[in-house]
Amino acid sequence: MKKVLYFFAAATLFCNVTVYASKVDTINILSVAMNKAYKAAIVFPDAYAKSKANFPVLYLLHGGYGHFNDWLLKTPDKMLVRNLSDQYNIIIVMPEGETFSYYIDSPVDRSSQFETYITGEVIPYIDNNYRTVKSNKGRVITGLSMGGYGALYLSARRPGLFCAAGSMSGALDPNMSTWKLTPEMFNGLTKELVKIFGPETFDPDSYAPYSVVNLADQMKMNGLPLVMDIGVDDFLLEPNRELHRRLVYNHTPHDYSERPGGHTWDFWQNALPYQLLFFNKILKANGVSVQ
């Protein structure tokens, strides 16, 4: 009798466990602009192998001092991205952005041209080699910290590539005067920013074109759906609030959230599912989601 009950309990437990079978590939994508190949991680939902459909794509950017596989290695739940790929039947591409590229075409470092790389080399490579929705109707972008900046910056400047964009704890303004930093953090970050933006970056007239906060009117003109969140204990809280205020002032629809938390993987693990839910509604409305 005990054996029967044990078998029944084990079978019940097995039936209640959701088995995800998403596939992860690591590939090299050549950058002609930088004369170098960079790695990218791609998560394919289980449905990709079982269907001939074209799938929407989320470009998921990593933060400063990070690399392309951060979202697979550093979340408390190591299956987070794979599970979300299966849940929403979406391909998730995590390209390399180097430790501190800010995803811009650096005006002072020709070896750091990541706006061109992401928008002009990574996206075409993915569309040419996989079954994707090859239009902005099936393409969304978000990221954390530096990646949040990158997602909003790239989508504001290249709105024809995406149907929606997001940011999690975005480092939205290279003017660090509004960041809550210790002197040691400020000095360390200044050295990194100068390498990309140039030593004149902290002259307001020179850094202003690179501030996502200053792109609020461009965002209104583009009309892309936007989703942003930030922890109330995050050192980047104020620039996020400032962009939110400007978008409210110029009547740009957007989804903005502040929640308990700081600049941590616990916060981003909680944030990403909300953003996928936001994106999925748009992809469904565009008629490109895979059921």
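Right above here is the structure, for reference.
This write-up is about the structure you can find in this document. (Residues numbered from 1 in each chain as written. Predicted model: local features only at pLDDT ≥ 70, side-chain atom pairs only at ≥ 80, totals over all residues. Heavy atoms only, no water.)

Observations regarding the overall build of the protein chain
For step 1, the next point in the chain: For the protein chain, the count of helices and strands is 11 helices and eight strands.
For step 2, the next point in the chain: Taking 291 residues into account, the globule formula puts the C-alpha radius of gyration at 19 Å, and the protein chain, at 20 Å, falls close to it.
For step 3, the next point in the chain: Reported as C-alpha extents along the three principal axes, the dimensions of the protein chain are approximately 75 × 40 × 40 Å.
For step 4, the next point in the chain: Taken across its 291 residues, the protein chain has 54% of its residues classed as buried.
For step 5, the next point in the chain: Taking the intrachain contacts of the protein chain between residues at least 6 apart in sequence as the baseline, contacts between residues at least 24 apart amount to 73%. (Helix = DSSP H or I, 4+ residues; strand = E, 2+ residues; numbered from the N terminus. Rg over C-alpha atoms; globule rule 2.2 N^0.38 Å. Buried < 20%, exposed > 50% of the residue type's maximum accessible area, 1.4 Å probe, protein only. Contact = heavy atoms within 4.5 Å.)

A few points about the environment of D70
For step 1, the next point in the chain: Among the structural elements, D70 can be located in helix 3 (residues 70-73).
For step 2, the next point in the chain: D70 has contacts with H62, T75 and W265, leaving out every residue within four places of it along the chain.

Side note on the nonpolar core
For step 1, the next point in the chain: Ranked by size, the top nonpolar core spans 62 residues in total, and within it Y102, I126, L152, W179, M219 and L243 carry the most contacts.
For step 2, the next point in the chain: Listed in part, the 32 residues of the second largest apolar core include L72, Y88, C163 and F279. (Core = buried A, V, L, I, M, F, W, Y, C linked by side-chain atoms within 4.5 Å.)

Regarding helix 6 (residues 146-157)
Since there are 3.6 residues in each turn of an α-helix, residues three or four apart along the chain are aligned in direction.
For step 1, the next point in the chain: Between its terminal C-alpha atoms helix 6 stretches 16 Å, which fits the 16 Å expected from 12 residues at 1.5 Å a residue.
For step 2, the next point in the chain: Most of helix 6 sits out of view: 11 of its 12 residues are buried. (Expected span 1.5 Å × (residues − 1).)

Examining the sheet that holds strand 1 (residues 23-31)
For step 1, the next point in the chain: Strand order in the open sheet formed by eight strands is 1-2-4-3-5-6-7-8, and the pairing between neighbours is mixed. Among the strands making up the open sheet, the edge pair consists of strand 1 and strand 8 (255-259). Each strand of the sheet is rotated relative to its neighbour by a mean of 20°, with strand direction disregarded.
For step 2, the next point in the chain: Bridge count between strand 3 (residues 57-61) and strand 5 (residues 139-143): five bridges; the pairing is parallel. (Pairing = 2+ DSSP bridges. Axes fitted to C-alpha atoms, helices over the stretch in contact; angles between N-to-C directions.)

A short note on the packing of helix 5 (residues 114-129) against helix 6
For step 1, the next point in the chain: Where helix 5 meets helix 6, the closest approach of the two axes is 11 Å, and the angle between their N-to-C directions is 65°. When the axes of helix 5 and helix 6 are compared, the pair comes out roughly perpendicular. Note on packing geometry: the crossing formed by helix 5 with helix 6 is right-handed. Across the interface between the two elements, E115, I118 and T119 from helix 5 touch Y153, L154 and R157 from helix 6.
For step 2, the next point in the chain: Broken down by class, the residue content of the contact of helix 5 with helix 6 amounts to three nonpolar, one polar and two charged. (Parallel < 35°, antiparallel > 145°, perpendicular 65-115°, else oblique. Left-handed = near helix turned anticlockwise from the far one by under 90°. Nonpolar A, V, L, I, M, F, W, Y, C, P; charged D, E, K, R; others polar.)

Description of the pairing of strand 2 (residues 36-44)
For step 1, the next point in the chain: Sheet topology note: the strand 1/strand 2 ladder contains nine bridges and is antiparallel. Looking at the pairing, S31 lines up with K36 of strand 2.
For step 2, the next point in the chain: Between strand 1 and the antiparallel strand that follows it, strand 2, lie four residues; N35 among them carries a positive phi value of about 55°.
For step 3, the next point in the chain: Sheet analysis places strand 2 next to strand 4 (residues 91-95), joined by four bridges and oriented antiparallel. Its bridge partner lying in strand 4, A41 is registered against M94.

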